[in-house]
Amino acid sequence: QAHLVESGGGLVQAGDSLRLACVTSGVTFKSHAMGWFRQAPGKEREFVAAISWSGGSTYYADSVKGRFAISRDDAKNTAYLQMNSLKPEDTAVYYCAADHGVPQSYSDPKWYDYWGQGTQVTVSL
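Residues numbered from 1 in each chain as written. Predicted model: local features only at pLDDT ≥ 70, side-chain atom pairs only at ≥ 80, totals over all residues. Heavy atoms only, no water.

Peer 1: Is there a simple way to explain the state of the cysteines in this structure?
Peer 2: A covalent bond bridging the sulfur atoms of two cysteines is what the word disulfide describes. Throughout the structure, instances matching the rule amount to one disulfide. One disulfide in the model links cysteine 22 with cysteine 96; its S-S distance is 2.0 Å. Taking the torsion about the sulfur-sulfur bond, which here is approximately 55°, the covalent link between cysteine 22 and cysteine 96 counts as right-handed. One end of the pair, cysteine 22, is in strand β3 (residues 18–25); the other, cysteine 96, is in strand β9 (residues 92–100), with 74 residues separating them in the sequence. Taking relative accessible area as the criterion, cysteine 22 reaches 0% and is therefore assigned buried. (Disulfide = S-S within 2.5 Å. Helix = DSSP H or I, 4+ residues; strand = E, 2+ residues; numbered from the N terminus. Buried < 20%, exposed > 50% of the residue type's maximum accessible area, 1.4 Å probe, protein only.)

Rendered as structure tokens:
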């Protein structure tokens with residue numbers, strides 16, 4: 001069975017950095033596109049970043065472009081999200097997701113097949 005586990009969240013101050021990790025099992029990681037999404041209280045889940053199955057292409061929401069970086073390590077079956085210059089509006093539960101192959105849209109959560117349970121990121125002023 002597919003299993004995705006996020007880690008690395010925490011409580012930080014504005015301007016700080018965090019690196020999230022998503023360790024996968026039960027899937028052929030190298031054949032999956034990976035995405036990061038987030039959901040704040042009272043808001044819908046929104047796209048943050050994605051990386052193609054080959055690792056050759058990355059995609060970012062405008063709100064995080066230039067601050068966040070997605071990467072993957074196929075040898076470790078792990079995807080990462082490096083978050084720099086964090087802002088209070090980045091506060092949310094962050095979820096990783098996997099899609100087998102190429103999703104119809106990297107930013108639309110409905111195209112992803114597997115999801116983790118999320119990790120909380122809280123950014124204070």
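Structure shown, so let's carry the discussion forward.
Peer 1: What is the right way to look at the packing of aromatic side chains in this model?
Peer 2: What describes a pair of aromatic rings is the distance from one ring centre to the other and the angle between the planes of the rings. Counting across every chain of the model gives five aromatic pairs. Seen in terms of ring centroids, tyrosine 59 and tyrosine 106 are 4.3 Å apart; in terms of plane orientation they differ by 20°. Their pairing is stacked. Placement of tyrosine 59 in strand β6 (residues 58–60) and of tyrosine 106 in the loop between β9 and β10 (114–115) is noted, with a sequence separation of 47 residues between them. Each residue in the set Phe37, Phe47, Tyr112 and Trp115 is aromatic and connected to the rest through ring pairs, giving one cluster. (Phe/Tyr/Trp six-rings, centres within 6.5 Å; stacked < 30°, edge-to-face > 60°.)

Peer 1: Got a minute to help me understand the pairing of strand β7 (residues 68–73) in this structure?
Peer 2: On a regular strand, each side chain points to the face opposite its neighbour's, so the side chains alternate between the two faces of the sheet. Here β7 shows a clear split, with Phe68, Ile70 and Arg72 buried on one side and none of Ala69, Ser71 and Asp73 buried on the other. Counting the residues that bridge the hairpin from β7 to strand β8 (residues 78–83) gives four residues, and of these asparagine 77 lies at a positive phi of roughly 50°. (Pairing = 2+ DSSP bridges.)

Peer 1: Explanation requested: the sheet that holds β7 in the structure shown.
Peer 2: Strand pairing in a sheet relies on backbone hydrogen bonds. The paired strands run either parallel or antiparallel. Strands sit in the order β1-β3-β8-β7 across an open sheet of four strands; the sheet is antiparallel. In this open sheet, the two strands that pair with only one neighbour each are β1 (3–7) and β7. Geometrically, the sheet is characterised by an average inter-axis angle of 15° between neighbouring strands, direction not taken into account. Where β1 and β3 come together, five bridges link them in antiparallel fashion. Counterpart to glutamate 6 in the pairing with β3 is cysteine 22. (Axes fitted to C-alpha atoms, helices over the stretch in contact; angles between N-to-C directions.)

Peer 1: What's the story with the pattern of salt bridges in this structure? I'm lost.
Peer 2: Applying the stated criterion across every chain yields a total of four salt bridges. We note a salt bridge from arginine 67 to aspartate 90, for which the minimum N-O separation is 2.8 Å. Separated by 23 residues along the polypeptide, arginine 67 in the loop between β6 and β7 and aspartate 90 in the loop between β8 and β9 bring together distant segments of the chain. Looking at arginine 67, the relative accessible area reads 11%, which means it is buried. (Salt bridge = Lys/Arg side-chain N within 4 Å of Asp/Glu carboxyl O.)

Peer 1: What should I look at first to understand the nonpolar core in this one?
Peer 2: Judged by nonpolar contacts, the single largest core of 33 residues is most densely connected at Met34, Trp36, Val48, Phe68, Leu81, Met83 and Tyr94. For this core, the elements supplying multiple residues, two or more each, are β3, β4 (32–39), β5 (46–51), β7, β8, β9 and β11 (119–124). (Core = buried A, V, L, I, M, F, W, Y, C linked by side-chain atoms within 4.5 Å.)

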